[in-house]
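# A structural walkthrough
For reference, the chains in residue letters:
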Amino acid sequence: MEDAFRRQINYLRIAITDRCNLRCRYCMPATGVPLKSHQDILRLEEIVTIARVAGRTGINRIRLTGGEPLVRKNVVTLVRELAKLPAIKEVSLTTNGIFLSGLARALKEAGLSRVNISLDTLKKERYRYITRRGNISSVWQGIHAALAVGLAPVKLNVVVTRGFNDDEILDFARLAQEEPLHIRFIELMPIGAAAASAGGYVSMEEIKSQISRVYPLEPLADLVTNGPAVNFKVAGGKGSIGFISAMSSHFCHRCNRLRLTADGKLRPCLYWDGEIDIKGPLRAGASEAELAAIFARAVTLKPAEHHMETGWRQPRVMSQIGG
Ligand code: SAM
Ligand code: SF4
């Protein structure tokens, strides 16, 4: 459906849990964030109902995220149920990849189309440092499993932080040249733990100019979706490189999405505190037509653009919003 600014809203990101097995420094404090009680978190059947309702309002693609979606029990069953919905053309997933190798085949068979895997460094020790506990070998096993079962295109999300991994930009570009991997560089946003350390931000312009001095980049029509990334092919390479610049250049005019938090709130914008409760009406017995009306209201409330640069701070962290 169309919003007030003539954008087609057809994409829903669903945080299926607020829990995570990692504690990435820019996302969460070491001790984690206060978790919702199980009762507050949407049950799998409720997620499926909301997705079916979303389909009635023009949503045709769903991405599961979190928290870490692969820590949610029965995630494979959830994917199977979502993939069966006639209106939903694609179900994808964003994961830290730690548990992916054991689940990739089952997820593919259940109807998952593709995965984005978050990997901010290629160095083992650095990976453990940034995630405070993760083992990079498990992520690589997940990446290889995703490629082997055809969860393609496999995209790697790389949040670039000055002084931490900006020396690996060319290593990631080489990876996109040598492997069928699609690297998506993401600007650090002042959300979650990153809000406290605004100094780490590196602009996409800077990253792009560093890469194009070594690897000629050819513009690519958007890879699979027309989401926020601006994509390029590395000349002669197997993969691609995308840039997501939430901070330095707004992509809000192309925004096509709504978010559903793990505790059942619809969020019209990542960086805005407006949210609309859909779990309450669902549990109170609202009909699917009534729930569809709530969806439609969330779409009409989408703001024209976010204002991350103004200093207002998003109170929720990324794992709570469903980044
Ligand atoms: N746990 C899964 C993962 O890490 O892929 C899914 C949820 S995580 C919140 C989704 C994405 O948000 C990850 O790629 C992560 O790097 C990114 N993210 C978290 N905090 C961020 C921030 N402050 N700025 C930019 N990206 C951020
Ligand atoms: Fe967990 Fe993803 Fe946040 Fe890292 S970025 S702490 S993996 S939710």
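Residues numbered from 1 in each chain as written. Chains lettered and ligands numbered in written order. Predicted model: local features only at pLDDT ≥ 70, side-chain atom pairs only at ≥ 80, totals over all residues. Heavy atoms only, no water.

All right, on to the UniProt feature "binding site: [4Fe-4S] cluster 1" (unreviewed entry) in the protein chain then. Residues given the UniProt feature "binding site: [4Fe-4S] cluster 1" (unreviewed entry) here are Cys-20, Cys-24 and Cys-27. With respect to the helices and strands, the residue Cys-20 is situated in the loop between strand S1 (11-15) and helix H1 (44-56). Setting aside chain neighbours within four positions, we find Cys-20 in contact with Met-28, Gly-67, Glu-68 and Asn-96. The exposure class of Cys-27 is buried, given its relative accessible area of 17%. (UniProt positions renumbered as here; feature names shortened; annotations may be inferred. Helix = DSSP H or I, 4+ residues; strand = E, 2+ residues; numbered from the N terminus. Contact = heavy atoms within 4.5 Å. Buried < 20%, exposed > 50% of the residue type's maximum accessible area, 1.4 Å probe, protein only.)

The set of residues buried in helix H7 (residues 204-212) consists of Met-204, Ile-207 and Ile-211. Projection of H7 onto a plane perpendicular to its axis shows the buried side chains occupying an angular sector of 65°, all on one side. (Arc of directions from axis to C-beta.)

Turning our attention to the nonpolar core. Most often, soluble globular proteins keep nonpolar side chains buried together rather than apart. Core analysis: the biggest nonpolar cluster contains 93 residues, and Leu-12, Leu-64, Phe-185, Ile-211 and Phe-295 have the highest contact counts within it. Among the elements that make up this core, the one with the highest residue count is H1 (seven residues). (Core = buried A, V, L, I, M, F, W, Y, C linked by side-chain atoms within 4.5 Å.)

A separate point is the environment of Arg-283. Its location among the elements puts Arg-283 in helix H8 (residues 279-283). The spacing of Arg-283 and Leu-42 is 241 residues in sequence and 9.9 Å in space, taken between C-alpha atoms.

Time to look at the site of ligand 1. Taken together, 19 residues sit near ligand 1, with Tyr-26, Gly-67, Ser-118, Met-189 and Ile-191 positioned nearest. Between ligand 1 and Met-189, the relevant distance is 2.8 Å, taken from a nitrogen atom to a main-chain nitrogen or oxygen of the residue. Contact between ligand 1 and Ile-191: a nitrogen atom at 3.2 Å from a main-chain N or O atom of the residue. In isolation ligand 1 has 550 Å² of accessible area, and contact with the protein removes 95% of it. Contributing elements (two or more residues each) for the shell around ligand 1: strand S3 (90-95) and strand S5 (154-160). Classifying every residue of the shell around ligand 1 gives eight nonpolar, nine polar and two charged. (Near = heavy atom within 4 Å. Polar contact = N/O pair within 3.5 Å; in protein donor to acceptor, adjacent residues only side chain to side chain. Areas by Shrake-Rupley, 256 points an atom, 1.4 Å probe, with all protein chains shown as cover. Nonpolar A, V, L, I, M, F, W, Y, C, P; charged D, E, K, R; others polar.)

What follows deals with the sheet that holds strand S4 (residues 114-118). The strand order across the open sheet built from 12 strands is S7-S8-S9-S6-S5-S4-S3-S2-S1-S10-S11-S12, with neighbouring strands paired in mixed fashion. Strands at the two margins of the open sheet, each flanked by one partner only, are strand S7 (217-219) and strand S12 (276-277). Pairing analysis gives five bridges linking strand S6 (residues 181-187) to strand S9 (residues 240-244), with the strands arranged parallel. Of the residues in S9, the one forming a bridge with Ile-183 is Ile-241. Across the face of the sheet, H7 comes into contact with S5, S6, S7, strand S8 (230-234) and S9 while running at roughly 160° to S9. (Pairing = 2+ DSSP bridges. Axes fitted to C-alpha atoms, helices over the stretch in contact; angles between N-to-C directions.)

Turning next to the layout of surface pockets. What the largest pocket holds in volume is close to 260 Å³. As for the largest pocket, its lining consists of Ile-16, Thr-17, Asp-18, Arg-19, His-38, Ile-41, Leu-42, Leu-44, Val-71, Arg-72, Lys-73 and Asn-74. Residue classes in the lining of the largest pocket are distributed as five nonpolar, three polar and four charged. (1 Å grid on protein atoms, 1.4 Å probe; cavity = no way out; pocket = protein on both sides within 12 Å on 5 of 7 lines; lining within 4 Å. Points joined across faces, edges and corners; volume = space filled by probe spheres on them.)

Now for the UniProt feature "binding site: [4Fe-4S] cluster 2" (unreviewed entry) in the protein chain. UniProt tags Cys-252, Cys-255 and Cys-269 as "binding site: [4Fe-4S] cluster 2" (unreviewed entry). These annotated residues cover 18 residues of sequence, and their C-alpha atoms lie no more than 9.3 Å from one another, placing them together at a single site. Within the secondary structure, Cys-252 sits in the loop between S9 and strand S10 (257-260). Given a relative accessible area of 9%, Cys-252 falls into the buried group.

Turning next to the site of ligand 2. Around ligand 2 sit Cys-20, Leu-22, Cys-24, Cys-27, Gly-67, Asn-96 and Ser-319, and those are all the residues in its vicinity. For the shell around ligand 2, the class distribution of residues is four nonpolar, three polar and no charged.

Scanning the entire structure with this criterion turns up 20 salt bridges. With a shortest N-O distance of 3.1 Å, Glu-46 and Arg-43 are connected by a salt bridge. Glu-46 sits in the buried class, given a relative accessible area of 6%. Judged by relative accessible area, Arg-43 falls into the partly exposed class, the value being 44%. Salt-bridge contacts for Arg-52 lead to Glu-288; the nearest nitrogen and oxygen are separated by 3.0 Å. Within this pair, whereas Arg-52 is found in helix H1, its partner Glu-288 is found in helix H9 (residues 288-300), the two being separated by 236 residues in sequence. On the basis of relative accessibility, which here comes to 37%, the residue Arg-52 falls in the partly exposed class. (Salt bridge = Lys/Arg side-chain N within 4 Å of Asp/Glu carboxyl O.)

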